[in-house]
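Here's the letter readout for the chains.
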Amino acid sequence: ICIPAGEFLMGSEKGYPDESPVHRVRLTEDFYLGKYPVTNAQYARYRDEVGGAVQAPRYWDDRRFNRREQPVVGVSWKEAEAYCRWANGRLPTEAQWEYSCRAGSQTEFCFGDDPALLPDYGWFAENSGGQPQSVGALKPNAFGLHDMHGNVWEWVEDCYAMPHPADAPTDGSPQIKAGCDRRGSKGGSWVT
């Protein structure tokens, strides 16, 4: 899906400590993001085409995690990055991911501030049955993206930073520091 350029307030003072401080970010160029998280079926096609160079994700043989339309889990950041290159794409920056998740809202969730509506948009501990669910089964956000508020954590290009840098650059360029040993992830999962 083509995500239009825009400006938004990134971060949260209500969420986890590593989500603050709230700061303004301007994205001046449109970009693309997949409508759904990458499924096991898509990742299997990638492994088949690339051959033995790609190891099976952790949990690949576990029936709770390997149904075709479930999002792939147990993939490292480097493996996710390699998949994106193979698919002629790249991981989004943290700013691009959050902007896409918010879909024009400035509320706690893409659908507003009422957590009672979360089961309509995301899989999490209270409604997932303890495992990831098929992608796209719940409501999308205003940009048409599914599973942004749950199902699986999603890798982003940036290094993990706590607290968020308050001086995020224009266009959400990834925050990558020399010797980055931990990458960021966004969203939520079936266990949170």
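You'll find the structure just up there.
Note that the structure is a prediction, hence the values are computed from the model and not measured. (Residues numbered from 1 in each chain as written. Predicted model: local features only at pLDDT ≥ 70, side-chain atom pairs only at ≥ 80, totals over all residues. Heavy atoms only, no water.)

### What about the packing of aromatic side chains?
We count it as follows: Only Phe, Tyr and Trp rings take part, Trp by its six-membered ring, and two of them pair if their centres are within 6.5 Å. Stacked means planes under 30 degrees apart, edge-to-face means over 60, and tilted covers everything else. Buried means the residue's accessible area, taken with a 1.4 Å probe over protein chains only, is under 20% of the maximum for its type, while exposed means over 50%, and partly exposed covers the values in between. Put simply, DSSP H or I for four residues or longer makes a helix, DSSP E for two residues or longer makes a strand, and each gets a number counted from the N terminus.
Here the structure, examined in full by the defined rule, presents twelve aromatic pairs. Measuring from centroid to centroid gives 5.1 Å for Tyr 59 and Phe 65, while their planes differ by 45 degrees, and the two rings are tilted. Phe 65 gets classed as buried once you look at its relative accessible area, which sits at 8%. Both rings, one in Phe 65 and one in Trp 190, keep their centres 5.6 Å apart while their planes meet at 50 degrees; by these two values the pair is tilted. One end of the pair, Phe 65, is in the loop between helix 1 (40–50) and helix 2 (77–86); the other, Trp 190, is in the segment after strand 6 (183–186), and 125 residues separate them in sequence. Of the two residues examined, Phe 65 and Trp 190, each falls in the buried class. Clustering of aromatic rings is evident, with ring pairs tying together Tyr 43, Tyr 46, Trp 60, Tyr 83 and Trp 86.

### Considering the nonpolar core
Just so we agree on the cut-off: In plain words, nonpolar cores are sets of buried Ala, Val, Leu, Ile, Met, Phe, Trp, Tyr and Cys residues tied together by side-chain atoms within 4.5 Å. Residue contacts are defined here by distance: any two heavy atoms, one from each residue, within 4.5 Å place the two residues in contact.
Judged by nonpolar contacts, the single largest core of 16 residues is most densely connected at Ile 3 and Tyr 99. Mapped by element, the contributors of at least two residues to this core are strand 2 (6–10), strand 3 (23–27) and helix 3 (94–102). In terms of residue count, the dominant contributor to this core is helix 3 (four residues). Those residues in contact with Tyr 99 that sit more than four places away from it in its chain are Ile 3, Pro 4, Ala 5, Gly 6, Glu 7, Phe 8, Leu 27, Phe 31, Gly 104 and Phe 143. By size, the runner-up hydrophobic cluster in this structure holds twelve residues, among which are Tyr 46, Trp 60, Trp 77 and Cys 84.

### Remarks on the pattern of salt bridges
What counts, and what does not: When a carboxyl oxygen of Asp or Glu lies within 4 Å of a side-chain nitrogen of Lys or Arg, that pair is called a salt bridge.
This structure, assessed with the given rule, holds seven salt bridges. Across the pair Glu 7 and Arg 24 runs a salt bridge whose closest N-O atoms are separated by 3.2 Å. Of this pair, Glu 7 sits in strand 2 while Arg 24 sits in strand 3; the two residues are 17 residues apart in sequence, bridging distant segments of the chain. Residue Glu 7 is classed as partly exposed on the basis of its relative accessible area, which comes to 43%. The closest approach of N and O atoms between Arg 85 and Glu 81, which form a salt bridge, is 3.6 Å. Note that Arg 85 and Glu 81 are positioned in helix 2 at a spacing of four residues, about one turn of the helix. Within the structure, one salt-bridge network assembled from shared partners comprises Glu 94, Glu 98, Arg 102 and Lys 186.

### Things to note about unusual backbone geometry
Even without being glycine, Tyr 59 reaches a positive phi, approximately 75 degrees. Within the fold, Tyr 59 resides in the loop between helix 1 and helix 2. On the accessibility criterion, Tyr 59 (38% relative accessible area) is partly exposed. Despite not being glycine, Asp 147 has its phi angle at roughly 65 degrees, a positive value.

### So, helix 2
Buried within helix 2 are the following residues: Trp 77, Glu 79, Ala 80, Ala 82, Tyr 83 and Cys 84. Taken together, the buried residues of helix 2 touch helix 1, strand 5 (154–159) and strand 6. Note on helix 2: the residue one or two positions beyond its end, Asn 88, has a positive phi of about 60 degrees.

Interpretation in functional terms is not warranted from these geometric data alone.
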